[in-house]
Amino acid sequence: MTDRFFELVLTGVTVLGLTACAAEKESSVAQSVAPDFLVGELVRTAYDGQSDDLLTGGLGFEGLQSPTPPGFHNPDAPTVEELRRYAIYTNYRALIDTSTAGGFGRIYGPNVGNSDPSGKVAGTEYLSFMKLSPAHQNVTLMVQIPASFNSEKPCLITGPSSGSRGIYGAIGTTGEWALKKGCAIAYTDKGTGTGFHHLTAGKVYDLQGRLIDAVTAGDRSSFTVPLTPELKAYNDEFPHRVAVQHAHSGLNDEKNWGQYVLSSIKFAFYVLNKERGDGAVLFTPENTLVISSSISQGGNSSLMAAEQDTEGLIDAVAVAEPNLPMPQGSDFAIQMGDQPPFRGHSKHLYDYSTFLNLYQPCAVLTETALNAPFGAGANPAAKQLLEGHCGLLKARGLLDADSTEGQIAESAAKIREMGVLDETLDLGPINVAIKLWASISADYGNAYGRFSALDNLCGLSYAKMSPTGQAVAETEAEMAALFAQSGGIAPVASLTFAPTELKLPIDYGLCYRNLVTGNSPDAQRVQKGMAETHHTANLQGKPTIIVHGQADALIHVNHSSRAYLGLNHLVEGAESQLRYYEIANAHHFDAFNAFPGFNNRYVPLHHYFSATLDLMYNHMTKGTPLPDSQVIWTKRRATDTAGKVEDLTEEHLTGILQTVDKSRIKIEQGIVKIPVQ
């Protein structure tokens, strides 16, 4: 896409590159006709920006900051408005540090750069289901059009949900930037989202999160397990289980995420013309700036969409901390400082997740990790439990060392050998504490292998568990609140792992690991599904920015953004317009930064994600050059003698340099070179 986008489009000036631009954006999108992939009702809601709004659900930034969530008048039957407000609250706070000391409301947040000091945004919201084919489950689409949308300079940003989150899963990240900028935003839950089927209770969820009966739901349900005699028999043997859409759709929907983003763009053009053009075709891919964006798995989806864009829908890409599955064995290396070049890059998330699920519970007993946030240094019972896990690794033949100390050191060494950076190790204890790797192992294993909830993969299902370890029925209120409280992946809210086979915890982990390394029929199914999610790294010359925290302990940079930079260089060479910014002292979950021990270690990646969107918008509209790839060396917040951590200021947030010297990331002689300070 040529620079000075709006000026060129609006004036029709013919300049070098404009013809190419038009060719790039030549599209067959039928902007005045409802796309044929839509399913069921189209829900339109206007928000006045006072009693309720697009960005904060009427809470304003102070309401989002409050530790007290919005309530339900009737917990057994919350209203659509109540569910939406709670879902926005949940998703904002799950992804953003909402503490004042951490910068919320001062440096970033819905009120910063907003003409409304409360952070509210008036406008219109459209919701609909879609399907790629009649055999698929429903996928949710949403478009928000702020009242400040400028028809003379139209812009559209994509916001697929991060992780397995529902339709409001990107509202506090991509949504915040887009709505304050006056851009429309196209969301999708990617077929993950808060689609749950309470199998014994026979309850599912509709488009707006209301609990409805599975038998009569039909296409009104976001996700329903087929109502077969086999399901009845399963419920008799394993009562009170819950099927999860991301895990149990049977579609391996991750391979379709790019198509869902492209569909969300087409849906956005339809509703933009419906809302602002009275059905006339005012907004097209040719005259509207489209930036594909989002974070984490949403960033994965938007990059995949850019690779798969055959209709010229997307002009540019700006994403943060994306998971990027790629084929292994590409002919390049990654080198950090003067360390030896690393060629074991590009491991799949499911590969290293099932590996870390086994070894990180032992490795977090290193002296450094014991003193990290959530470390077991001050918890003898937890330390003893983790030491027992080390011994089981030895007993299962996964470690050679005989002593506990040796087993800890061996586990830590194995993790380093896999390409996990030392910068991430302080986050190991919280990953273990929240069962991060176990959650991914179970959810994604089911998804990649296209397993049903009835398969009980590796002997685990999902349910509410009693104190005595029995699956029990959820209350009506617990089920009714799940749309608003859930991040789309269990354990969450009242749901957790429910064994269908009694094993030691390590043996569930071994089963999931064998799906990656083994050759059983189940393993072959999972490995086939993993391969279907690979990126090509061919961005078709689109201007692209990836920003990633160097200390990301979920999506490790050697297996995602650094490796994608290397593969893109092999694929696109000199035609590439990709920039990569790696942020020192930033990690995956900004929300943790509000807690002691995190606040003096890490800076918000969200700040840099917003900065990259600013850079890309200015590049596309003003012709401002994109800075070269670089490491941004931020400053940690100081702690005084009384233990108080200073407030985050702009001084901690080193800017992205327009002219780069020592911090520049280079690719030379087949090596991605990451500088160190």
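Conventions and cut-offs
Residues numbered from 1 in each chain as written. Predicted model: local features only at pLDDT ≥ 70, side-chain atom pairs only at ≥ 80, totals over all residues. Heavy atoms only, no water. Helix = DSSP H or I, 4+ residues; strand = E, 2+ residues; numbered from the N terminus. Rg over C-alpha atoms; globule rule 2.2 N^0.38 Å. Buried < 20%, exposed > 50% of the residue type's maximum accessible area, 1.4 Å probe, protein only. Contact = heavy atoms within 4.5 Å. Areas by Shrake-Rupley, 256 points an atom, 1.4 Å probe, with all protein chains shown as cover. Lys, Arg positive; Asp, Glu negative; His and termini not counted. Charge placed at Lys NZ, Arg CZ, Asp CG, Glu CD. Pairing = 2+ DSSP bridges. Axes fitted to C-alpha atoms, helices over the stretch in contact; angles between N-to-C directions. Disulfide = S-S within 2.5 Å. Core = buried A, V, L, I, M, F, W, Y, C linked by side-chain atoms within 4.5 Å.

Counting secondary structure elements, the chain contains 21 helices and 20 strands. By the compact-globule yardstick of 26 Å for 677 residues, the chain fits well, its C-alpha radius of gyration being 24 Å. Based on the C-alpha atoms only, the size of the chain along its principal axes is roughly 75 × 65 × 55 Å. Residues counted as buried form 61% of the 677 residues belonging to the chain. The contacts of the chain with a sequence gap of at least 6 include a subset with a gap of at least 24, amounting to 76%. Element-wise, carbon and sulfur atoms account for 51% of the exposed surface of the chain, whose accessible area totals about 24,800 Å². One finds the centroid of the 50 positive side-chain charges in the chain at a distance of 1 Å from the centroid of its 71 negative side-chain charges.

The 10 strands are arranged E1-E2-E3-E5-E4-E10-E11-E16-E17-E18 in an open sheet whose pairing can be described as mixed. At either end of the open sheet lies a strand with only one pairing partner, and these are strand E1 (38-47) and strand E18 (630-632). Mean inter-strand twist for the sheet, computed between neighbouring axes without regard to direction, equals 15°. Running over the sheet, helix H5 (residues 171-181) touches strand E3 (139-146), strand E4 (155-160), strand E5 (184-188) and strand E10 (289-295) and is turned about 160° from E5.

Now for the sheet that holds strand E20 (residues 671-674). Taking strand neighbours across the sheet as the criterion, the 3 strands line up as E12-E20-E19 in an open arrangement whose pairing is mixed. Whereas interior strands pair on both sides, the edge strands pair on one side only; in this sheet they are strand E12 (333-336) and strand E19 (666-668). When the angles between neighbouring strand axes are averaged without regard to direction, this sheet yields 25°. Sheet topology note: the E12/E20 ladder contains 4 bridges and is parallel. Directly across from alanine 333, in E20, lies its bridge partner isoleucine 671. Taken strand by strand, helix H20 (residues 561-572) contacts E12, E19 and E20, and its axis lies near 140° from that of E20.

Evaluation of the coordinates by the stated rule reveals 3 disulfides. Covalent S-S linkage joins cysteine 362 and cysteine 390, the inter-sulfur distance amounting to 2.1 Å. Taking the sign of the S-S torsion, about 115° here, the bridge from cysteine 362 to cysteine 390 comes out right-handed. Here cysteine 362 is found in helix H11 (residues 349-363), whereas its partner cysteine 390 is found in helix H13 (residues 380-395), with 28 residues between them in sequence. Judged by its relative accessible area of 0%, cysteine 362 falls in the buried class. Judged by relative accessible area, which is 0%, cysteine 390 ranks as buried. In the chain, the bonded cysteines, taken in the order they occur along the sequence, pair up as 1-2, 3-4, 5-6.

This part covers the nonpolar core. Core analysis: the largest hydrophobic core is formed by 118 residues, its most contacted members being Tyr168, Tyr350 and Tyr512. The element that contributes the greatest number of residues to this core is H11, accounting for 9 residues. Among all residues touching tyrosine 350, those that are not within four sequence positions of it are Ile440, Ser441, Tyr444, Gly445, Tyr448, Tyr512, Leu515, Val516, Val526 and Met530. Core analysis: the second largest hydrophobic core is formed by 53 residues, Leu303, Ala305, Ile314 and Tyr564 among them.

Regular strands place side chains that alternate from one sheet face to the opposite one. Counting buried positions along E10 yields 7 of 7 residues, so the element is predominantly enclosed. Residues Leu289, Ile291, Ser293 and Ile295 line one face of E10 and the alternating positions Val290, Ser292 and Ser294 line the opposite face, and both faces are buried. Pairing geometry for E10 and strand E11 (residues 316-320), over 5 bridges, is parallel. Across the sheet, the residue bridging to serine 293 is alanine 318, located in E11.

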